[in-house]
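The lines below spell out each chain.
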Amino acid sequence: LPIPYGTMTRGSLIGDVGMLLDRPRAATIVTESPVVTVFRLDRKSFQHFLFYNNNNNNNNTKSSTTKQQLQQQIQDIDAVIDQISGVKTKYHGNIIQPFQPCRKWLWSRWRGTILQHAWIAAVGNMVLSTLFIVGMRNFVRADWAVGMIPDTKNPVVARLLGLSKVWHYLMNLTTFILTFFLSQAYGLWRDLYSAGRKIQGRMNDIGMLLATTAERDPKTHEYTPRALRLLEDVATYTRLYHALSWANIAKKFAILLTPRGLSRMLSRGVMTRKQFDVLVSIRPNLCGPHYACLMWILARALQGMKEGILPNDHAIKHTVIDKLLTLRGVQAGMGDSLDGRIPLAYAHFVQLLVDSFLLLAPFALYAELGVWSVPAVGLLTLFYSGLLDLSKILLDPLDNDAEFYNDSSVNMDIGVLIRESNSGSNRWKIGLETLPF
């Protein structure tokens, strides 16, 4: 696993998942130093502290519900950490599902496409159309063949022609409104994607700036020990900030902000004991953990300038502050965009418009197409309902409404953004450790 995932530090807990979930260990620990002090806790004592309570009485009673809830919570936390560490990926390491321009390849796709979601509505409307046709033929005692266009001289069919004209007017309005709604939804999706990349860029700017200006030994031209510590501290704070900032706006990652989530990040080597103690001591309603990590970056950089590890001049100080303030603004803006993504009245109106248009289609098309209205209704429902579903998915770039459509290949894998930033947090330090001059 890439650093810091899988790297244990002082105060880390190892082997807990095996005892918690009653399964064999899944990892091997290798020490880097010759002497390591390890404290052993047996299974019985471990489970005693986790699952026993005496809130209302003096007897220790084991709660199976609590144990199951805790096991599920740990599994959910590990699933998130696995996603941001690269153990599990959504699109095989790509931020979004890649496509090939080949027509044959595109036609062969099914899983994760809009067709997979919209076919149910299409089939339902085709069944309604079929039942209406059967009923109509029996009611009017149709004398035309099944595949023929209905006789417009029939009084009932003639009356349906009026409905057909109204339906065509509604079709024009629906097409315009729905395509405009889709363009706005894609605009939100694109803005959020660009903001995510902009956050990456600003963090890389900070890492590059500090790495190029950090103190070096005048003889070896290598970083001094205290410069390495500063760069590593900033890299750690950057990784924490990025993961926790996404957890602040993505429901799937929100569990990382809980005390147990932070504790699991500690045991997985994502943060140190001291960092964990500080974060859990902060009341989330007063200051989010991601904002604390962001301020750590600035405070550590300013401390480095004061101690002479970084140049203490106005230009660098101003640039670092500007990058961090931009970072804060972009991240906060993402949450604001999601909070106001679309007014309820707008989405409600579009839903009613599309549903009304599709519901009338089986009745309005019969007078013009007869039995051929069945496939026509299916295609119209597939594409119009599919466009509306696509718009809704684009309005949820982070899969926060997973209960609506949890198999979408449209939205981004934010684990990729976090993993790329984790790699970038050490990129500049590693690239500048040795100079060619």
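Residues numbered from 1 in each chain as written. Predicted model: local features only at pLDDT ≥ 70, side-chain atom pairs only at ≥ 80, totals over all residues. Heavy atoms only, no water.

Notes on the overall build of the chain
- Secondary structure assignment for the chain yields 15 helices and two strands.
- Burial statistics for the chain: of 437 residues in total, 42% are counted as buried.
- Of all intrachain contacts in the chain linking residues separated by at least 6 positions in sequence, the fraction that spans at least 24 positions is 76%.
- Looking at the chain as shown, the accessible area adds up to about 24500 Å², and 60% of this sits on carbon and sulfur atoms. (Helix = DSSP H or I, 4+ residues; strand = E, 2+ residues; numbered from the N terminus. Buried < 20%, exposed > 50% of the residue type's maximum accessible area, 1.4 Å probe, protein only. Contact = heavy atoms within 4.5 Å. Areas by Shrake-Rupley, 256 points an atom, 1.4 Å probe, with all protein chains shown as cover.)

Overview of helix H15 (residues 414–431)
- Taking 1.5 Å per residue as the helical rise, H15 with its 18 residues ought to reach 26 Å, and the 26 Å between its terminal C-alpha atoms agrees with that figure.
- Along its length, H15 reaches its greatest deviation from straightness, about 25 degrees, at Ser 425.
- Among all positions of H15, only Ile 414, Gly 415, Val 416, Leu 417, Ile 418, Arg 419, Ser 421, Asn 422, Gly 424, Ser 425, Asn 426 and Lys 429 are buried.
- For H15, the side-chain oxygen to backbone nitrogen distance between the N-cap and Gly 415 is 3.0 Å, and the N-cap itself is Asp 413. (Expected span 1.5 Å × (residues − 1). Bend = angle between axes of the 7 residues up to and from the residue. Polar contact = N/O pair within 3.5 Å; in protein donor to acceptor, adjacent residues only side chain to side chain.)

Section: a nonpolar patch on the surface
- Taken together, the side chains of Trp 110, Leu 115, Trp 119, Ile 120, Val 123, Val 127 and Leu 131 make up a nonpolar region of the molecular surface, amounting to roughly 670 Å² of accessible area.
- Structurally, Val 127 is set in helix H5 (residues 114–140).
- A residue is classified by how much of its surface remains accessible, and Val 127, at 44% relative accessible area, is partly exposed. (Patch = residues over 30% accessible without salt bridge, like charges linked within 9 Å, V, L, I, M, F, W, Y side chains within 5 Å. Salt bridge = Lys/Arg side-chain N within 4 Å of Asp/Glu carboxyl O.)

Some points on the pattern of salt bridges
- For the structure on display, the rule yields 10 salt bridges.
- A salt bridge links Arg 202 to Asp 205, with the shortest nitrogen-to-oxygen separation between them at 2.9 Å. Here Arg 202 pairs with Asp 205, and both are found in helix H6 (residues 155–213), just three residues apart, close to one helical turn.
- The partly exposed category is assigned to Asp 205, whose relative accessible area is 25%.
- In this structure, the salt-bridge partner of Glu 232 is Arg 239, at a minimum N-O distance of 3.4 Å.
- Looking at Arg 239, the relative accessible area reads 7%, which means it is buried.
- Among the charged side chains, a salt-bridge network with shared partners connects Arg 202, Asp 205 and Lys 323.

Overview of the nonpolar core
- If you look at the biggest cluster of nonpolar residues, it comprises 90 residues, and the most contacted ones within it are Phe 253, Leu 256 and Met 265.
- If we ignore the near neighbours within four places in the chain, the residues touching Leu 256 are Ile 77, Val 80, Ile 81, Ile 84, Leu 244, Ala 247, Gly 261, Leu 262 and Met 265.
- Counting residues in hydrophobic clusters, the runner-up holds 10 residues, among them Met 136, Val 157, Leu 160 and Ala 367. (Core = buried A, V, L, I, M, F, W, Y, C linked by side-chain atoms within 4.5 Å.)

What about the environment of Met 208?
- As for its position among the elements, Met 208 is in helix H6.
- Under the relative-accessibility criterion, Met 208 is labelled partly exposed at 43%.
- Linking Met 208 and Asn 426, residues 218 residues apart in sequence, is a C-alpha distance of 9.4 Å.

Looking at the confidence of the model for the chain
- Across the chain, the average pLDDT comes to 86, with 88% of residues at or above 70.
- Long-range and interchain partners of residues 53–62, a stretch whose pLDDT sits below 50, account for 14 contacts in this model, where long-range means more than four residues apart. (pLDDT = per-residue confidence, 0-100.)

Topic: unusual backbone geometry
- We note that His 221 has phi near 60 degrees; this positive angle belongs to a residue other than glycine.
- Checked against the element boundaries, His 221 lands in the loop between H6 and helix H7 (225–247).
- Exposure remark for His 221: the relative accessible area of 40% places this residue in the partly exposed category.

Here we look at helix H8 (residues 259–267)
- Gly 261, Leu 262, Arg 264, Met 265, Leu 266 and Ser 267 are the residues of H8 that are buried.
- One or two steps after H8, the chain reaches Gly 269, where phi turns positive at roughly 85 degrees.

Here's the deal with the packing of aromatic side chains
- For the structure shown, the criterion picks out eight aromatic pairs.
- Relative to Trp 189, the ring of Tyr 186 has its centre 6.0 Å away and its plane inclined at 15 degrees; by these criteria the two rings are stacked. In this pair, Tyr 186 and Trp 189 both sit in helix H6, three residues apart, roughly one turn of the helix.
- Residue Tyr 186 is classed as partly exposed on the basis of its relative accessible area of 40%.
- For Trp 189, a relative accessible area of 6% gives the class buried.
- Seen from their ring centres, Tyr 237 and Trp 296 are 5.3 Å apart, and the 65 degrees between their planes marks the pair as edge-to-face. Of this pair, Tyr 237 sits in helix H7 while Trp 296 sits in helix H10 (residues 289–307), and the two are 59 residues apart along the sequence. An identical accessibility class is assigned to Tyr 237 and Trp 296; each is buried.
- Three or more aromatic residues joined by ring pairs form one cluster here, namely Phe 132, Phe 363 and Tyr 366.
- Against the face of Trp 428 rests Arg 427, its NZ or CZ located 5.7 Å from the ring centre. (Phe/Tyr/Trp six-rings, centres within 6.5 Å; stacked < 30°, edge-to-face > 60°. Lys NZ or Arg CZ within 6 Å of the ring centre and 35° of its normal.)

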